[in-house]
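Residue-level structural notes
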Amino acid sequence: MSDLLIQCRGLCKSYGHKSALQGVDLQVDRGRIVGLLGPNGSGKTTLIKILCGLLQPTAGEILVDGQSIGTHSKSVISYLPDRMYFADWMAATDLFDLFHDFYTDFDRQKAIAMCESLGVEPRDKMKTMSKGTKEKVQLVLVMARKAQLYLLDEPIAGVDPAARDFILSTILTNYNEEGSVLISTHLISDIERVLDEAIFLKEGKVILHNSVDNIRETEGKSVDALFREMFRAQTLEGGNF
Amino acid sequence: MEWNLSDDRPIWLQLSEQLARQIVSGIYPPGGKLPSVRDLAADAGVNPNTMQRALSQLESEGLAVSNRTAGRMVTEDTAVIDAARRKMAREIITTFFAAMAGLGLSRARAIELLKEEEIHE
């Protein structure tokens, strides 16, 4: 088993004339929690969707767990999409049944236990749940799998700060330690301390990939501060005021 | 416990300093068991790898020892803990003198003030 969980070389994706990824080279090891950070429209979701097999890259190579995207990669990836896809009439327990049928690594007991600790009643129907509660159910489904790669697209964007801490600790205490977690977000200060590594995406390119400790040691500032600096400087350069 | 993490320095370093302070202050007594990496990481809300690095630092300083069967313990060697306490105290004293110098007070004057303060108490 190779240590590299994700390998991308020269990955490109265009939507018609609009190019979302422009030659992404990336390597992610096992057992890491990685932040995929970038402003809106920098290509975070596109990269995640390619990893899941929901989008085909226009050019370039991508391997997950040593294999190209397909049945195997889908069986080892647990994906939290950036929007809800559940049917209203379903209860969380129905979704557990569905996941249990689909994924051999889904742990129903664990899902029930996580619901309890998050204060979610699993027999409630989706349509009776608040947005925050639905997001918790979605997180439970994703984290109750013993996956190699967890892809979490904006897991904390829609919830209040107290629930954010709750969600982050749920991720920390439940991920499979031999696997890796890739979290996309622009709320950096909230997740900085749970990250091993940070990847900065800008206009479809990786402009920085380093460990959080290295960034703090060499820059003498937090990843959040560095991010603000890098992205502010670049907006100003482009404008003629 | 309360963890205080500032933005400008590596997180593992801050964690190991705060754990060292707890060992020195006796919250974790000599020879006592330390919580697991996972529990400490969850408590501080940090990545387990970061906490692991902080604990490795404590081991290399001799404040913690790893035991195959029983997990990680605080050292039983009180001399090591005393030395760590002295080192921390010296850092506080250095900061104190620097702050006093900032007020325009010499070391000798600062020590005089310190003694006066002691008499008042």
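These notes cover the structure that comes with them. (Residues numbered from 1 in each chain as written. Chains lettered and ligands numbered in written order. Predicted model: local features only at pLDDT ≥ 70, side-chain atom pairs only at ≥ 80, totals over all residues. Heavy atoms only, no water.)

With respect to the packing of aromatic side chains
Note the threshold: Between 30 and 60 degrees the pair is tilted, below 30 it is stacked and above 60 it is edge-to-face, where a pair is any two Phe, Tyr or Trp rings, Trp via its six-membered ring, whose centres lie within 6.5 Å. Think of it in three bands: residues with accessible area under 20% of the maximum for their type are buried, residues over 50% are exposed, and the middle band is partly exposed, with areas taken using a 1.4 Å probe on protein chains only. Should the NZ of a Lys or the CZ of an Arg lie within 6 Å of a ring centre and within 35 degrees of the ring normal, that charge is described as sitting over the ring.
Considering all chains together, one arrives at nine aromatic pairs over all chains under this definition. When the ring of F96 of chain B is compared with that of F97 of chain B, the centres are 5.5 Å apart and the planes differ by 55°; the resulting orientation is tilted. Given a relative accessible area of 14%, F97 of chain B falls into the buried group. Among the aromatic residues, those joined into a ring-pair cluster are F96, F99, F102, Y103 and F106 of chain A. The aromatic ring of F97 of chain B is capped on one face by R107 of chain B, whose charged end is 4.4 Å from the ring centroid.

A word on the packing of helix α1 (residues 11-24) of chain B against helix α3 (residues 48-60) of chain B
Residue and element names in this part refer to chain B. Test applied: Note on geometry: axes are lines fitted to C-alpha atoms, helical ones only across the stretch in contact, with angles between N-to-C directions running from 0 to 180 degrees. Numbering of helices and strands starts at the N terminus; helices are DSSP runs of H or I of at least 4 residues and strands are runs of E of at least 2. Each angle is binned into one of four classes, with values under 35 degrees roughly parallel, values over 145 roughly antiparallel, values of 65 to 115 roughly perpendicular, and all other values oblique. Helix crossings fall into two classes, left-handed where the near helix is turned counterclockwise from the far one by less than a right angle and right-handed where it is turned clockwise. Any two residues whose heavy atoms approach within 4.5 Å at even a single point are treated as in contact. Gly is put with the polar residues, along with every residue not named as nonpolar or charged; the nonpolar set is Ala, Val, Leu, Ile, Met, Phe, Trp, Tyr, Cys and Pro, and the charged set is Asp, Glu, Lys and Arg.
Close contact between α1 and α3 brings their axes to 8 Å; oriented N to C, the two are set at 50°. In this view, α1 runs oblique relative to α3, as classed from their interaxial angle. Seen from above, α1 lies across α3 with right-handed handedness. Contact with α1, carried on its side by I11, W12, L15, S16, L19, A20 and I23, involves T50, M51, R53, A54, L55, Q57 and L58 of α3 and no other residues of that element. Within the contact of α1 with α3, the residues separate by chemical class into ten nonpolar, three polar and one charged.

A look at helix α8 (residues 212-219) of chain A
Residues and elements named next belong to chain A. Going by this rule: Here, the arc refers to the directions that run from the helix axis to the C-beta atoms.
Inspection of α8 places V212, D213, I215 and R216 among the buried residues, and these make up the whole buried set. The arc that holds the buried residues of α8, viewed along the axis, is 165°, so those residues lie on one side. Where α8 ends, the next residue or the one after it, G220, has phi of about 65°, a positive value.

Observations concerning the nonpolar core
All names here are of chain A. Let me state the cut-off plainly: The set of buried Ala, Val, Leu, Ile, Met, Phe, Trp, Tyr and Cys residues whose side-chain atoms join them within 4.5 Å is what this entry labels a nonpolar core.
The biggest cluster of nonpolar side chains holds 50 residues, and the ones touching the most others in it are M143, L152 and F200. The greatest single-element share of this core, amounting to six residues, is contributed by helix α5 (residues 131-143). Non-local contacts of L152, meaning those with residues more than four positions away in its chain, are made with I48, L80, V142, M143, I171, V181, L182, I183 and S184. In this structure, V24, L47, L55 and L201 belong to the second largest nonpolar core, which totals 26 residues.

Quick notes on the interface of chain A and chain B
Which entries qualify depends on this criterion: As a working definition, buried area equals the accessible area (1.4 Å probe) given up by two parts on being put together, with both sides summed. Basic side-chain nitrogens of Lys or Arg form a salt bridge, by our definition, when they fall within 4 Å of a carboxyl oxygen of Asp or Glu.
Taken together, the contact between chain A and chain B spans 19 residues of the former and 19 residues of the latter. Summing the contributions of chain A and of chain B, the shared interface buries around 1500 Å²; its carbon and sulfur component is 42%. Ranking the residues of chain A by area buried against chain B places R193, D213 and R216 of chain A at the top, with a combined share of 44%. Between the two partners, chain A and chain B, sit one salt bridge. Note that D213 of chain A is salt-bridged to R53 of chain B, the shortest N-O span being 3.4 Å. Of all the elements in the fold, those that place two or more residues in the side of chain A that touches chain B are α6 (161-174) and α8 of chain A.

Details of the pairing of strand β8 (residues 180-185) of chain A
All names here are of chain A. Cut-off, in case you're wondering: Between any two strands, at least two bridges found by DSSP are needed for them to pair. By the criterion used throughout, a crossover qualifies as right-handed when its path from the first strand across the helix to the second strand runs clockwise, the strands pointing away from the viewer.
Across the six residues of β8, six count as buried, placing the element largely inside the fold. Burial along β8 is two-sided: S180, L182 and S184 and V181, I183 and T185, pointing in opposite directions, are all buried. Relative to β8, strand β3 (residues 33-37) is paired through five bridges, and the arrangement is parallel. Across the sheet, the residue bridging to L36 is S184, located in β8. With five bridges connecting them, strand β7 (residues 149-153) and β8 associate as parallel partners. Pairing of L152 across the sheet is with I183, part of β8. Crossover connection from β7 via α6 to parallel β8: handedness right-handed.

Function cannot be read off these values alone, since they describe shape.
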